[in-house]
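One letter stands for each residue in the lines below.
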Amino acid sequence: MATLTSQPSKKSLRGSSMENSQGGTRGSTGQTVKFARRTSSGRYVSLSREDLDMSGELSGDYMNYTVHIPPTPDNQPMDSSVATKAEEQYVSNSLFTGGFNSVTRAHLMDKVIDSEVRHPQMAGSKGGSCAMAACDGNVMKDERGEDIVPCECRFKICRDCYMDAFKETGLCPGCKEPYKIDDYDDDNEIPNYSKGALSLTGPNDAKRDNMSLMKRNQNGEFDHNKWLFETTQGTYGYGNAYWPKDGDDDDGDMHHSMLETSDKPWRPLSRVILVPNSIISPYRLLIVTRLILMGFFLTWRVRHPNTEAIWLWLLSVTCEIWFAFSWILDQVPKIHPVNRFADLGLLRDKFEMPSPLNPTGRSDLPGLDLFVSTADPEKEPPLVTANTILSILAVNYPVEKLSCYISDDGGALLTFEAMAEAASFADLWVPFCRKHDIEPRNPDTYFSLKGDPTKNKKRLDFVKDRRKVKREYDEFKVRINGLPDSIRRRSEAFNAREEMKMIKNLRENGGNNLEPIKVLKATWMADGTHWPGTWAPSSRDHAKGDHAGILQVMLKPPSSNPLMGSSNEEFIDFSDIDIRLPMFVYVSREKRPGYDHNKKAGAMNALVRASAVLSNGPFILNLDCDHYIYNCNAIREGMCFMMDRGGEDICYIQFPQRFEGIDPSDRYANHNTVFFDGNMRALDGLQGPVYVGTGCMFRRFALYGFEPPKVDKMLSLDKKSETDALKATDFDPDLDVNLLPKRFGNSTLLAESIPVAEFHGRPIADHPAVKYGRPPGILRAPRPPLDATTVAESVSVISCWYEDKTEWGDRVGWIYGSVTEDVVTGYRMHNRGWRSVYCVTKRDAFRGSAPINLTDRLHQVLRWATGSVEIFFSRNNAFLASKNLMVLQRLAYLNVGIYPFTSFFLIVYCFLPALSLFSGFFIVQNLDVTFLVLLLCMSLCLIGLAILEVKWSGVELEQWWRNEQFWLISGTSAHLAAVVQGLLKVIAGIEISFTLTSKSAAEDENDIYADLYLVKWTSLMIPPIVIGMVNIIAMVVAFSRTVYETVPAWSKFIGGAFFSFWVLAHLYPFAKGLMGRRAKTPTIIYVWSGLIAITLSLLWVAVNPNNGQPVGGSSGFTFP
């Protein structure tokens, strides 16, 4: 089997697909061919089933080795810029598929979607017709969409004909003159970075073969030290900051470039703003005071049992001790909340301002890969996902540094074509946002805003442009919403055509016409070929859990220089606007029966590997498909913390989650502001906030399972020089360089990308105080174009077998084994010594949707609580954490695993007021003055803490009360079920599966809160309903007894009824949700109401008020 660096033309492979081996490498000096060699152990490695069948060797062990064929007249290297452009265009127009025991194929697609493709970066964009005889190909296009003609005679020729002519004769078929190489090279405009800004060759550089051969150590591993030392001319070593030594004045240019930045006053990119002492000091004092009072209160309760109702006393004391423990875990980590500020203006000055060494102002910011995950287009509407993608493509960040990846875990053609439509519409939407500074950059949200759209708009043509874009977006929505029917009709038509062909062939061959014709009901793409993913009627190799890996570069990487649009009177004038789009890649990992694909965590890890091969951004931002970018500068604010001094030990930046479509009263605390504005700010003052699953910017190097760099230790290894290279084991002493494939898999490109991502993610060394950084200017160099071999490698790393016998999901990437993989992943990083930062932007960074329906909300909380129970019973329990985890941070993570168990004690405590009313006893025998004073003081402390917490967190008092209400509702329903399910999984091994919450609207589309009133019965509702009924019945019974007593003891009734009313007040949102709208109350409510009425009637008879006897015993508690 062979992997050719120069792809064969479609003429030589007419009617067949281009094939690549998994794991091919690039070469510029000659073509690289991979063979298979038998060894003595009895297995085979990296050979497809087709290759084995062709070779006739079905047994034995095979190992890969590389043969370099020297250039010959028949094997000439293709280093011309035209060939590079042709290769990149070929890659962007090809759908790559592959997986286990299958060859990676690139299917050239002449048509991706039914609608017209305009942007030249997009897959399916076509140039003019090829002038060669009997060729139906299209001419290559440049970044502006104009035809590329490789010869001065302007002879139009397609990519395949050009490569054939170049290989065979080297002459232009038009003028018969030799082709001139590098006439159309865009790199001649690239500034010279040899002075001041060092040129760093990455793993995707054109000199891959030289690096692969010459930068390896004796074990055959990539030698990062040698590579980094040589590429920086010996001035920079692994693990050291770049700074010239004292006395190195001979290198005048280099010294001048560094002094140029230090001539300006150095300022940090971010600042920590502490909470004022007038608020935080009383807050801490009240915490300590309540701790002391709680100790006295519990001591008094233990020493004064209620001998008349010992069972009631024991239950109450047990619950109160647990509540005290739970309060400590929740409250103590809040003693040091902080706020942060990011300086966006300074970030631009440091990384993007023109200078003598950077006259064009090319950005020196690091690359960023954005991940969006989706799984089911029926429950996650494609239009919502498309709007999220559009908000990402329009974000305010250097276009050439940005790459967007969408993971379609369902492998649905509907999602694929919806993303292609989004990429096509981005051709208009993104330049429009840049031209008029649009916020937010989600078109659906933007066009739904109420108010004057012309506010703060300076251009005179805004109204005209907005009207045109709005009309185009309406058509875009129609196309997206019509895709299901379009795909169905297309597939039916093609399947009917195939059936007619089979009938015709059967008749021509004289077959039996009475036999039923069996035609495979396939799903067809727009170009008339089978979709390699999931088909509408599932079949073998085309089901949700059984399909090949799919990768399509929807938008190829943009050019390194700005590309200004043109003035088009028919549409919009973009003459002074950069019309480039970020790279956009569709990924659907391979799935096969018998493999554990690990749900969202597995999909995220597949994206980590694929992006490492394709773009290798040092930072990764992951978003859910319904969370879009609301603030186009949010990424820059997060980058301020990563690029600031000391930012090298930050593993991730967590942004708060904000939601839209929530009812104004926030009945079920969907905004969760107490957690996001209170708990997370408090953790930010410790080791950092927990990872909450979306809206998080990761350092790629931290995801690979490494510990943070210990700068002082690294710099102290050799006192002779600050620029001496360090060994790779200085990062991870447990890492054996010979066992890299065991940790990261057998991809060479992936392994080589790791040190590059680490180096590019360091803060810039613009001051001697920055002891761990990178030289300024090294990230201004343009990244090389994609080639087919690299894309084929990215397909291989998303195959279902790639993670076998590796540390993916155990130490590397998102961690497996829990339904809340987000919390576990963040915990592992903190446990290695990393810290995280909470970035609260003035304008919300991201916004998304949340389930406002009671049933959906309870199931969402159930999923979170089940994950917490799994954490408690796993090795991720904070009790087992290393010494790298701070004490208060450890308490916070302990609370994450313990809080669901509070449900047992909470349910018992909610029944205690009713039991007290029924029995006539109270939790204490006599209401002692000490008991009342301690209870009053604790209550006052709790109120004071709530008021102060509201002040420093910015949470409204009503939101705090909603959070308290839903804490009791979820604690008596979802948390209890989570504990039961967690115990079943740990003890009996019963797995619990969770379904996605539907994000579609309810029946009434005119009411955005229609879902709020839907009542869907679930067993989670039973405990709160029983608690509410029992407390209501107890109050009625106690009231009846009190009324008919000879000497009514109203104090007893009021004491017990107060606590019952307190429970019912917390359950009020739950009861309101059960009732729904008028005329929409479910039948179950009437059933429960009938049961309540019958029960009350029986109790009324039992009271027997006519006998004149006192009802209820004389014993019980009395007021002093």
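In this text the structure is predicted, and so the values were computed from the model without any measurement.

Chemist: Account for a nonpolar patch on the surface, with residues named and values stated.
Modeler: Side chains of F1039, V1043, Y1044, W1050 and I1054 sit close together on the surface and give an oily, nonpolar patch of about 470 Å² of accessible area. Broken down by secondary-structure element, the contributors of at least two residues to the nonpolar patch are α30 (1022-1044) and α31 (1050-1066). With 3 residues, the top contributor of residues to the nonpolar patch is α30. Given the relative accessible area of 37%, W1050 is considered partly exposed.

Chemist: Which residues make up the environment of W1062, and what values do they have?
Modeler: Mapped onto the secondary structure, W1062 falls in helix α31. For the pair formed by W1062 and P913, sequence separation is 149 residues and the distance between their alpha carbons is 9.4 Å.

Chemist: Describe the pairing of strand β20 (residues 846-849), and please don't skip the residues or the numbers.
Modeler: Residues F846 and G848 point to one face of β20 and are all buried, whereas R847 and S849, pointing to the other face, are not buried. Direction of pairing for strand β15 (residues 628-629) relative to β20: antiparallel, over a ladder of 2 bridges. For I629, the partnering residue across the bridge sits in β20 and is F846. Strand direction decides the pairing type here: strand β17 (residues 658-660) and β20, joined by 3 bridges, are parallel. Residue pairing in the sheet places F659 in a bridge with G848 of β20.

Chemist: Account for the environment of K350, with residues named and values stated.
Modeler: Relative to the assigned elements, K350 resides in helix α9 (residues 344-351). Separated by 414 residues in the primary sequence, K350 and I764 have C-alpha atoms spaced 9.0 Å apart. Excluding anything up to four places from it in sequence, K350 contacts W266, R267, L269 and D766.

Chemist: Account for unusual backbone geometry, with residues named and values stated.
Modeler: Residues E439 and P440 are joined by a peptide bond in cis, for which omega reads -10°. Within the fold, P440 resides in the loop between α11 (413-436) and α12 (443-448). With phi around 70°, D541 is a residue other than glycine that occupies positive phi space. Along the chain, the position of D541 falls in the loop between α14 (483-508) and β10 (542-543). The partly exposed category is assigned to D541, whose relative accessible area is 30%. At A669, a position not held by glycine, the phi torsion is positive, near 55°. For A669, the location among the structural elements is in the loop between β17 and α17 (673-684). For A669, a relative accessible area of 5% puts it in the buried group.

Chemist: Could you give an account of the pattern of salt bridges, with specific residues and numbers?
Modeler: Counting across every chain of the model gives 41 salt bridges. With a closest N to O distance of 2.8 Å, E417 and R490 form a salt bridge. Pair noted here: E417 is in helix α11 and R490 is in helix α14, with a separation of 73 residues, a long-range link. Exposure class is identical for E417 and R490. Each is buried. Of the charged contacts in the structure, one is a salt bridge between E821 and R863, with a shortest N-O distance of 4.0 Å. Here R863 lies in helix α24 (residues 854-872) and E821 lies in helix α23 (residues 821-831), a separation of 42 residues in the sequence.

Chemist: Please give an account of the packing of aromatic side chains that cites residues and values.
Modeler: In this structure the tally under the stated criterion is 41 aromatic pairs. Ring plane angle 55° and centroid distance 5.5 Å describe the contact between W322 and F325, whose orientation is recorded as tilted. With a gap of 3 residues between them, W322 and F325 both fall in helix α8 (residues 310-331), about one helical turn apart. Lying across the ring of F462, K457 places its NZ or CZ 5.6 Å from the centre. Lying over the aromatic face of F447, K470 brings its terminal NZ or CZ to 5.8 Å of the ring centre.

Chemist: I'd like a description of the side chain of T841, backed by residues and values.
Modeler: For T841, the location among the structural elements is in the loop between β19 (835-838) and β20. Given a relative accessible area of 8%, T841 falls into the buried group. Among the polar contacts listed, one links the side chain of T841 to the backbone oxygen of R843, at a separation of 2.4 Å. A polar atom in the side chain of T841 sits 3.2 Å from the backbone nitrogen of A845. In contact with T841, other than residues within four places in its own chain, are N631, E637 and F655.

Chemist: Lay out the nonpolar core with the relevant residues and their values.
Modeler: Within the largest apolar cluster, 99 residues are counted, with the highest numbers of intra-cluster contacts made by F698 and Y704. At 8 residues, the largest contribution of residues to this core is made by helix α15 (residues 599-614).

Chemist: An account of the packing of α24 against helix α28 (residues 957-971) is requested, with residue identities and associated values reported.
Modeler: Between α24 and α28, the least distance of the axes is 11 Å, while the angle of their chain directions is 75°. The angle between α24 and α28 places the two elements in the roughly perpendicular class. Only F966, I969 and S970 of α28 make contact with α24, whose side of the interface consists of R857, L858 and V861. Considering only residue class, the contact of α24 with α28 consists of 4 nonpolar, 1 polar and 1 charged.

Thresholds applied
Residues numbered from 1 in each chain as written. Predicted model: local features only at pLDDT ≥ 70, side-chain atom pairs only at ≥ 80, totals over all residues. Heavy atoms only, no water. Patch = residues over 30% accessible without salt bridge, like charges linked within 9 Å, V, L, I, M, F, W, Y side chains within 5 Å. Areas by Shrake-Rupley, 256 points an atom, 1.4 Å probe, with all protein chains shown as cover. Salt bridge = Lys/Arg side-chain N within 4 Å of Asp/Glu carboxyl O. Helix = DSSP H or I, 4+ residues; strand = E, 2+ residues; numbered from the N terminus. Buried < 20%, exposed > 50% of the residue type's maximum accessible area, 1.4 Å probe, protein only. Pairing = 2+ DSSP bridges. Contact = heavy atoms within 4.5 Å. Phe/Tyr/Trp six-rings, centres within 6.5 Å; stacked < 30°, edge-to-face > 60°. Lys NZ or Arg CZ within 6 Å of the ring centre and 35° of its normal. Polar contact = N/O pair within 3.5 Å; in protein donor to acceptor, adjacent residues only side chain to side chain. Core = buried A, V, L, I, M, F, W, Y, C linked by side-chain atoms within 4.5 Å. Axes fitted to C-alpha atoms, helices over the stretch in contact; angles between N-to-C directions. Parallel < 35°, antiparallel > 145°, perpendicular 65-115°, else oblique. Nonpolar A, V, L, I, M, F, W, Y, C, P; charged D, E, K, R; others polar.

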